[in-house]
Amino acid sequence: MRISELINILKLKFNKSQFSKNFLTLFSGSVIAQIIPLIASPFIARLFPPSEFGLLAIFAAIESFLLIFSSMQYELAIMLPEDDSEAFHLLILSLLITLIVTIISALTILIFNYKIAILLNSPELAGWLFLIPIEILILGSFKSLNVWASRYKKYRRISFRQITQSITQSVSKIIFGLLDFISGGLIVGMILGEFTSTLGLGRSTFKR
């Protein structure tokens, strides 16, 4: 066997082992992040009435729909350029677009807040719709930062942020329930977890 062939075989095995390692890192982080709310759910269910879970579901549905437009999918292009400077410019562009969409959604909700709540047949949602723009800013930024971390194979960082978000959300919801912060407590708890993970990912990204 030639030396060059041996080197190619070793490279192939190394790449496979790296792929397996990266996959297990992401998979384990995702599994742990799913297990934590599963453990916390019986406690949260006892602390909050069913109406609050319905309110959270409507809020999450609106957030998920608007999140599609948060960065106009520009974050997907971050992986493409070979030049790091160009990729960083795409990251900044996607974050700026997220900021613009956030401002537009904030103005829309400011004007049509109660009408949107009535249209959704959920008047009690009117008091919490102002958090939607904050959610767009947080999750839109997280999407871009997550792709940036994936570009540099920072899979441990991504997994850690998933776990951090899950822990923060579950613990904050339980604390809010114990403190009788019932109305909107589930929504605020969800946002706190997302803010924590996005802040951590942003700090590590721009520090680098």
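Residues numbered from 1 in each chain as written. Predicted model: local features only at pLDDT ≥ 70, side-chain atom pairs only at ≥ 80, totals over all residues. Heavy atoms only, no water.

Draft legend 1. Seen up close, the overall build of the chain. Summing up its helical and strand segments, the chain has 6 helices and 0 strands in all. Burial status across the chain gives 41% buried among its 208 residues. Counted over contacts in the chain with a minimum sequence separation of 6, partners at least 24 positions apart contribute 81%. (Helix = DSSP H or I, 4+ residues; strand = E, 2+ residues; numbered from the N terminus. Buried < 20%, exposed > 50% of the residue type's maximum accessible area, 1.4 Å probe, protein only. Contact = heavy atoms within 4.5 Å.)

Draft legend 2. Structural detail: the pattern of salt bridges. Evaluation of the coordinates by the stated rule reveals 2 salt bridges. Here E75 makes a salt bridge to K143, at a shortest N to O gap of 3.6 Å. With a gap of 68 residues between them, E75 in the loop between α2 (50-67) and α3 (84-119) and K143 in helix α4 (residues 132-151) connect regions that are remote in the sequence. By the burial criterion, E75 is buried, and K143 matches it. (Salt bridge = Lys/Arg side-chain N within 4 Å of Asp/Glu carboxyl O.)

Draft legend 3. Focus on the nonpolar core. Counting residues in hydrophobic clusters, the biggest one holds 24 residues, and the most contacted among them are F59, L125, L129, L131, I132, I187 and I191. The contacts of I191, once residues within four sequence positions are left out, are F59, L131, E135 and I138. Core analysis: the next-biggest nonpolar cluster, separate from the first, contains 14 residues, A87, A149, I158 and L201 among them. (Core = buried A, V, L, I, M, F, W, Y, C linked by side-chain atoms within 4.5 Å.)

Draft legend 4. The arrangement of the packing of α3 against α4 in detail. Where α3 meets α4, the closest approach of the two axes is 8 Å, and the angle between their N-to-C directions is 170°. Our classification of the angle between α3 and α4 gives roughly antiparallel. Crossing of α3 against α4: the hand is right-handed. Classifying every residue of the contact of α3 with α4 by side-chain character gives 14 nonpolar, 7 polar and 2 charged. (Axes fitted to C-alpha atoms, helices over the stretch in contact; angles between N-to-C directions. Parallel < 35°, antiparallel > 145°, perpendicular 65-115°, else oblique. Left-handed = near helix turned anticlockwise from the far one by under 90°. Nonpolar A, V, L, I, M, F, W, Y, C, P; charged D, E, K, R; others polar.)

Draft legend 5. Here's a closer look at the environment of I103. Here I103 shows up in helix α3. C-alpha separation for the pair I103 and I134, spaced 31 residues apart in sequence, amounts to 9.5 Å.

Draft legend 6. Spotlight on the packing of α2 against α4. Where α2 contacts α4, the two axes come as close as 10 Å, and the packing angle between them is 50°. Classified by the angle between their axes, α2 and α4 sit oblique to one another. Handedness of the crossing formed by α2 with α4: right-handed. Mapping the contact onto sequence places F59, I62, E63, L66 and L67 in α2 and I132, E135, I136, L139, G140 and K143 in α4.

Draft legend 7. Summary view of a nonpolar patch on the surface. On the surface, L96, L99, I103, L107, L110, I111, F112 and L137 cluster together into a nonpolar patch covering about 770 Å² of accessible area. Among the elements that make up the nonpolar patch, the one with the highest residue count is α3 (7 residues). With respect to the secondary-structure elements, L107 resides in helix α3. (Patch = residues over 30% accessible without salt bridge, like charges linked within 9 Å, V, L, I, M, F, W, Y side chains within 5 Å. Areas by Shrake-Rupley, 256 points an atom, 1.4 Å probe, with all protein chains shown as cover.)

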